[in-house]
Amino acid sequence: MEWETVIGLEIHTQLATQSKIFSGAATAYGAEPNTQACAVDLGLPGVLPVLNADAVHMAVKFGLAIEAQIAPYSIFARKNYFYPDLPKGYQISQMELPIVGLGHLDIEVDGVTKRIGITRAHLEEDAGKSLHEDFHGLSGIDLNRAGTPLLEIVSQPDMRSAKEAVAYMRKLHELVRYLGICDGNMQEGSFRCDANVSVRPKGQAEFGTRAEIKNINSFKFVEKAINFEVERQIDLIESGGKVVQETRLYDANKDETRSMRSKEEANDYRYFPDPDLLPVFIDEAYKAQVKATMPELPEAKKQRFKAQYGLDEENTAILTSSRPLADYYEALVKASGCEAKLCANWVTGDLLGALNKAGLDITESPVDYQRLGGLLVRIADDTISGKIGKQVFEYLWQGSATADDIIAEKGLKQVTDTGAIEAIIDQIIAANPEQVEQYRSGKDKVFGFFVGQVMKEMQGKASPGEVNKMLKDKLK
Amino acid sequence: MENQSITELAKSLRAKHVSSVELAQIYLQRIKQHPELNCYISVTEEFALQQALAADVMLAKGEGSLLTGIPIAHKDIFCTEGVKTSCGSKMLDNFIAPYNATVVEKLNRAGAVMLGKLNMDEFAMGSSNETSYYGPVKNPWALAAVPGGSSGGSAAAVSARLAVCATGTDTGGSIRQPASHCGITGLKPTYGRVSRYGMIAYASSLDQGGPMTRSAEDAAVLLQAMAGYDDKDSTSVDQPVPDYSAGLNQSLQGVSIGLPKEFFGEGLDAGVAATLQAAVAEYQKLGATVKEVSIPNLKLAIPAYYVIAPAECSANLSRFDGVRFGYRCQNPEDLLDLYTRSRGEAFGKEVKRRILMGTYALSAGYYDAYYIKAQKIRRLISDDFKQALAEVDVLMGPVAPTTAFAAGEMIDDPIAMYLSDIYTIAVNLAGLPAMSVPAGFSGGKPVGLQIIGNYFAEQQLLNIAHQYQQITDWHQHIPKGFE
């Protein structure tokens, strides 16, 4: 039988607010345990939550970016369950009336564009962390993360393959970073994914029974976890079994999913409106205010890059993959005044290559756009060749000198004195009569040998164009 | 000295008839002399003397407010930094609050002197002060009777002159009913008038702190210091606080009083009814007009309240899990054991009963039938009050169907106990302000008159109570043995 996979994703994005969603404590990652948890985060008797306006702003920004309905009236609810790292014994979340309603995101897989529906996105607080190692049979609790704002983005079951799921996740990842509402750091848990996966015979209208795979924290694992789960379900059904509705955990080490709890064991969360918080009212004026802070979105930027800079598909995709990278590129073009394609090739080639090798982000680049621009200007005006440019780039990477300083200091300036070039060419021709004979008898390939010899003699500092032209004349 | 009002004491302090330290000592002495009432869970003598000393310094400089140097005590539901805050429960017997409730902070800043923390029903759940882990409080007017609850310690202490004034909280009548039973003046403000920050939550949408005093005049002073917007409490209302004391001398000529017929029907004790009729007659003498009105859905208030309040409390009390603070059972075997035994051993019967009711009401499949339905009823009751208060300025009626009942009489009959809150609970559901004002005695025990006003009409309520206290002396009666 032919099977069809149905996937919906729930993605938890940690919002990049300065303070927590219901308290004034800081949200910075990596602090000493329990140093960023105030009375409210600890759930002390008598404390009350106060909603962080920035979290609302970010949620609305996201909603506008996916062209969603922003709820004019949304409420917070308590989700009740006991766990040691959940200080109040309930999580403040949204159940009915979430802040962001129906929206969508377009993904592209194998050149085909597909629209993925987003059912809702709601605000909630994160829990703390339980630490089970290092406490000699006891558990430690770190409440630094408790109260960190999350936007949970729930998709429609619109994806039909792991590949589509990954494309959707990447697109969303790019979007939230563009919007500046999430740092997207998956290792630190700022962007986490649960996947709802089911299979059905192709052509069947109703969905199969789904399993929810929890907490998959990389694009690679999402693909692997879904593919494993799809096979598991198909094998199960084909061997006469039945998929049960349950929550499963993906084990990256063993590359498998395993059961965490079944539907019967599922909690009754007893949601009800949180009486400590007022409803959130959002009007047109507020939306307009948020809209005014909206950056250019990825899709629009791509179109503009192609049109404005005449870039190809590949360079456009790379350069617009993150806002800081796109900003770097645009600043480089503007500052250097160099041809957009030259700039693009250098950024996507040498710069990104070096950054990847060093494991650095564009924002951490040792070579800023001004210094790279200084180099490109010298390539463009023929002071140095592209090849020498690569050497200069190495020096830029290692130090803080400008390209001009490096060129002067290392004596890398191209020789423009044609007399000097001519003298060397004459010398080479005289020294290699055999090759001259070969060339003149029609072996064009030998021409490269002469260019190489001349450049070697000139230590690469001659303009390749000039050398070619003069060699051709001399060898006639 | 122990019978002077706040205003009188403020004058005495400034005239140097007494110092704040001496005044604190007088009250601390009285507290020691009357352990039989069991009003206090903690007496903070050292703290009080420090604050009194600071108050004397301020007064000597000619600074301070009307409350500077005035001995006060807080219901043990308000967090007090560095002082045990038990909420009347074994669960928090070891809890030293690391911060002050907003109300406490404001009163500290006003220069009030904290004598200690007052007994209460456990987590404010009860109408008789018998559910306290620290034992029941006795009614100064009749030691065999309950003082009412949950702010029973506050009411008994003010009545017996073991504090000049006290803070209380009212979720379903917990300020007004003990005030009525102990013959003092108690005011439950409009929901949102007083910050709930640092007031340990029972039912968040109903809880409201307020003053418990000997007179409306004192209540005006205390409420003045307690009220106001707090950016730590999203449900507090950002509306200016009027000068309550300045509003106390308005004529009642032409003020219209509504008597909801449902407040005077079956179940109301005849002695209480007669006392209230006499009080209403006094108001007529003051120029007020009287008219019958109706709160048709009043009888639904108790079932609605006993869904909403337990539902909220079931979540509010989840934080008491033995993990971070409060009681933890000995040698827990595992996590579940830690939870079940810590909570099982430290919560009392009534608290458990309400957590169970609330958990049930919120459970899948029951939520719509109970919680949603109760919220709809809540709206209907609010609408009833809105309509009645469109016809008249204020409503008057009983606080409780009877005077203080005997200790032990109802503790094993929770339903009967719940039903006794019929006249107060509806007001919390509507979020309206209301007072209990001493209006006489029946069988030797005090009877309170309830006055209910429109949203944020505290000033009007205080004036109406004050005018009555100008022509009556019920509020000046002192229980025997406590003169």
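None of these values were measured; they are calculated from a predicted model. (Residues numbered from 1 in each chain as written. Chains lettered and ligands numbered in written order. Predicted model: local features only at pLDDT ≥ 70, side-chain atom pairs only at ≥ 80, totals over all residues. Heavy atoms only, no water.)

### Looking at the overall build of chain A
So, point 1. A tally of helices and strands in chain A yields 16 helices and 15 strands.
So, point 2. Here chain A has a C-alpha radius of gyration of 30 Å; the compact-globule value for 476 residues is 23 Å, and the former is much larger.
So, point 3. Considering only C-alpha atoms, chain A reaches an extent of 95 × 55 × 55 Å along its principal axes.
So, point 4. When each of the 476 residues of chain A is scored for burial, the buried share is 51%.
So, point 5. Within chain A, contacts between residues separated by at least 24 positions form 68% of all contacts whose residues are at least 6 apart in sequence.
So, point 6. Of the roughly 22500 Å² of accessible surface on chain A, a fraction of 50% belongs to carbon and sulfur atoms.
So, point 7. If the 55 positive side-chain charges of chain A are averaged to one point and the 70 negative ones to another, these points end up 2 Å apart. (Helix = DSSP H or I, 4+ residues; strand = E, 2+ residues; numbered from the N terminus. Rg over C-alpha atoms; globule rule 2.2 N^0.38 Å. Buried < 20%, exposed > 50% of the residue type's maximum accessible area, 1.4 Å probe, protein only. Contact = heavy atoms within 4.5 Å. Areas by Shrake-Rupley, 256 points an atom, 1.4 Å probe, with all protein chains shown as cover. Lys, Arg positive; Asp, Glu negative; His and termini not counted. Charge placed at Lys NZ, Arg CZ, Asp CG, Glu CD.)

### Topic: the pattern of salt bridges
Residue and element names in this part refer to chain B.
So, point 1. The full count for this structure, using the stated rule, is 45 salt bridges over all chains.
So, point 2. Across the pair K32 and E45 runs a salt bridge, and its minimum N-O distance is 3.3 Å. Of the two residues, K32 is situated in helix α2 (residues 20-33) and E45 in helix α3 (residues 45-60); the sequence distance between them amounts to 13 residues. (Salt bridge = Lys/Arg side-chain N within 4 Å of Asp/Glu carboxyl O.)

### Digging into the sheet that holds strand β11 (residues 211-216) of chain A
All names here are of chain A.
So, point 1. Spatially, the eight strands line up as an open sheet ordered β5-β6-β9-β1-β10-β11-β12-β13, and their pairing is mixed. Both edges of this open sheet fall to β5 (103-109) and β13 (256-262), since each of them pairs with a single strand only. For this sheet, the mean inter-axis angle between neighbouring strands, taken without regard to orientation, is 30°.
So, point 2. As paired strands, strand β1 (residues 3-14) and strand β9 (residues 149-155) are joined by five bridges and run antiparallel to one another. By the bridge assignment for β9, I11 is matched with I153.
So, point 3. Contacting β1, β10 (191-201), β11, β12 (246-251) and β13, helix α4 (residues 219-238) runs over the sheet at an angle of about 25° to β10. (Pairing = 2+ DSSP bridges. Axes fitted to C-alpha atoms, helices over the stretch in contact; angles between N-to-C directions.)

### As for helix α4 (residues 102-109) of chain B
All names here are of chain B.
So, point 1. Within the sequence span of α4, burial applies to T102, V103, V104, K106 and L107.
So, point 2. Tucked inside the fold, the buried residues of α4 contact β2 (71-75), β4 (165-169) and α7 (216-226).
So, point 3. Positive backbone phi, at 95°, marks G111, one or two positions downstream of α4.

### Quick word on helix α1 (residues 6-14) of chain B
Residues and elements named next belong to chain B.
So, point 1. If you check which residues of α1 are buried, you get I6, T7, L9, A10, S12 and L13.
So, point 2. The inward-facing, buried residues of α1 abut α2, α3, β4 and α7.
So, point 3. One or two residues past the end of α1 sits K16, with phi positive at roughly 60°.

### Concerning the nonpolar core
So, point 1. Core analysis: the largest hydrophobic core is formed by 151 residues, its most contacted members being Y40(B), L67(B), F123(B), Y283(B), F385(B) and I451(B).
So, point 2. At nine residues, the largest contribution of residues to this core is made by helix α9 (residues 301-316) of chain B.
So, point 3. Counting 70 residues, the second-largest nonpolar core is a separate cluster that includes I7(A), L64(A), A68(A) and V230(A). (Core = buried A, V, L, I, M, F, W, Y, C linked by side-chain atoms within 4.5 Å.)

### Some details on the pairing of strand β4 (residues 90-93) of chain A
Residues and elements named next belong to chain A.
So, point 1. With burial as the criterion, each face of β4 is covered, one bearing Y90 and I92 and the other bearing Q91 and S93.
So, point 2. With four bridges joining them, strand β3 (residues 77-80) and β4 adopt antiparallel strand pairing. By the bridge assignment, A77 is partnered in β4 with S93.

### Points about the sheet that holds strand β1 (residues 40-43) of chain B
Residue and element names in this part refer to chain B.
So, point 1. Strand order in the open sheet formed by 11 strands is β1-β3-β2-β4-β6-β5-β10-β11-β9-β7-β8, and the pairing between neighbours is mixed. A single partner strand is all that each edge strand has here, and the edge strands are β1 and β8 (289-293). Recorded for the sheet is a direction-independent mean angle of 30° between the axes of neighbouring strands.
So, point 2. Bridge count for β1 against strand β3 (residues 113-118) is three bridges, and the pairing is antiparallel. Note on β3: the bridge partner recorded for S42 is K117.
So, point 3. Relative to the sheet, helix α14 (residues 422-430) contacts β5 (185-188), β9 (394-398), β10 (434-442) and β11 (445-452), its axis offset from that of β11 by approximately 30°.

### Quick notes on the packing of helix α11 (residues 349-362) of chain B against helix α12 (residues 367-391) of chain B
All names here are of chain B.
So, point 1. Close contact between α11 and α12 brings their axes to 7 Å; oriented N to C, the two are set at 110°. By the criterion of interaxial angle, the relationship of α11 to α12 is roughly perpendicular. Within the contact between the two elements, α11 uses Y360, A361 and L362 and α12 uses Y367, Y370 and Y371.
So, point 2. Considered class by class, the residues forming the contact of α11 with α12 number six nonpolar, no polar and no charged. (Parallel < 35°, antiparallel > 145°, perpendicular 65-115°, else oblique. Nonpolar A, V, L, I, M, F, W, Y, C, P; charged D, E, K, R; others polar.)

### Brief notes about the interface of chain A and chain B
So, point 1. Contacts between chain A and chain B engage 31 residues on the former and 38 residues on the latter.
So, point 2. Both sides of the chain A and chain B interface together cover about 2700 Å² of buried area, and 60% of this is carbon and sulfur.
So, point 3. As a salt-bridge pair, D276(A) and R196(B) come within 3.0 Å of each other at their nearest N and O atoms.
So, point 4. For the pair chain A and chain B, the number of links is 15 residue pairs in polar contact (both at pLDDT 80 or more).
So, point 5. When contributions to the side of chain A that touches chain B are tallied by element, the ones reaching two or more residues are α1 (39-42), β3 and β14 (272-273) of chain A.
So, point 6. Per-element tally for the side of chain A that touches chain B: the top contributor is α1(A), with three residues.
So, point 7. Of the residues in the side of chain A that touches chain B, the class split is 22 nonpolar, four polar and five charged. (Buried area = accessible area lost by both parts, 1.4 Å probe. Polar contact = N/O pair within 3.5 Å; in protein donor to acceptor, adjacent residues only side chain to side chain.)

### Details of the packing of aromatic side chains
All names here are of chain A.
So, point 1. In this structure the tally under the stated criterion is 32 aromatic pairs over all chains.
So, point 2. A centroid spacing of 5.8 Å and a plane angle of 50° characterise the contact between F221 and Y250, whose relative ring orientation is tilted. Linking F221 in helix α4 with Y250 in strand β12, this pair joins segments that are 29 residues apart in sequence.
So, point 3. Above the ring of Y269, the side-chain terminus of K79 is found at 4.3 Å from the ring centroid.
So, point 4. Of note, K390 hangs over the ring of W346, and the distance from its end group to the ring centre comes to 5.5 Å. (Phe/Tyr/Trp six-rings, centres within 6.5 Å; stacked < 30°, edge-to-face > 60°. Lys NZ or Arg CZ within 6 Å of the ring centre and 35° of its normal.)

### Brief notes about the packing of helix α9 (residues 340-358) of chain A against helix α10 (residues 369-380) of chain A
Residues and elements named next belong to chain A.
So, point 1. Running from N to C, α9 and α10 point in directions that differ by 125°, and their axes come no closer than 11 Å. Classified by the interaxial angle, the pair formed by α9 and α10 is oblique. The handedness of the crossing between α9 and α10 is right-handed. Two secondary-structure elements touch here, α9 through L342, C343, W346, V347 and L351 and α10 through L372, L375, L376, I379 and A380.
So, point 2. Partitioning the contact of α9 with α10 into residue classes produces 10 nonpolar, no polar and no charged. (Left-handed = near helix turned anticlockwise from the far one by under 90°.)

### Notes on unusual backbone geometry
Residues and elements named next belong to chain B.
So, point 1. Each neighbour pair has its own omega, and for G149 with S150 the value is 10°, a cis peptide bond.
So, point 2. Examined against the element boundaries, S150 turns out to sit in the loop between β3 and α5 (152-159).
So, point 3. Phi at F456 is positive, roughly 65°, even though this residue is not glycine.
So, point 4. With respect to the secondary-structure elements, F456 resides in the loop between β11 and α15 (458-471).
So, point 5. Relative accessible area serves as the criterion here: at 24%, F456 is assigned to the partly exposed category.

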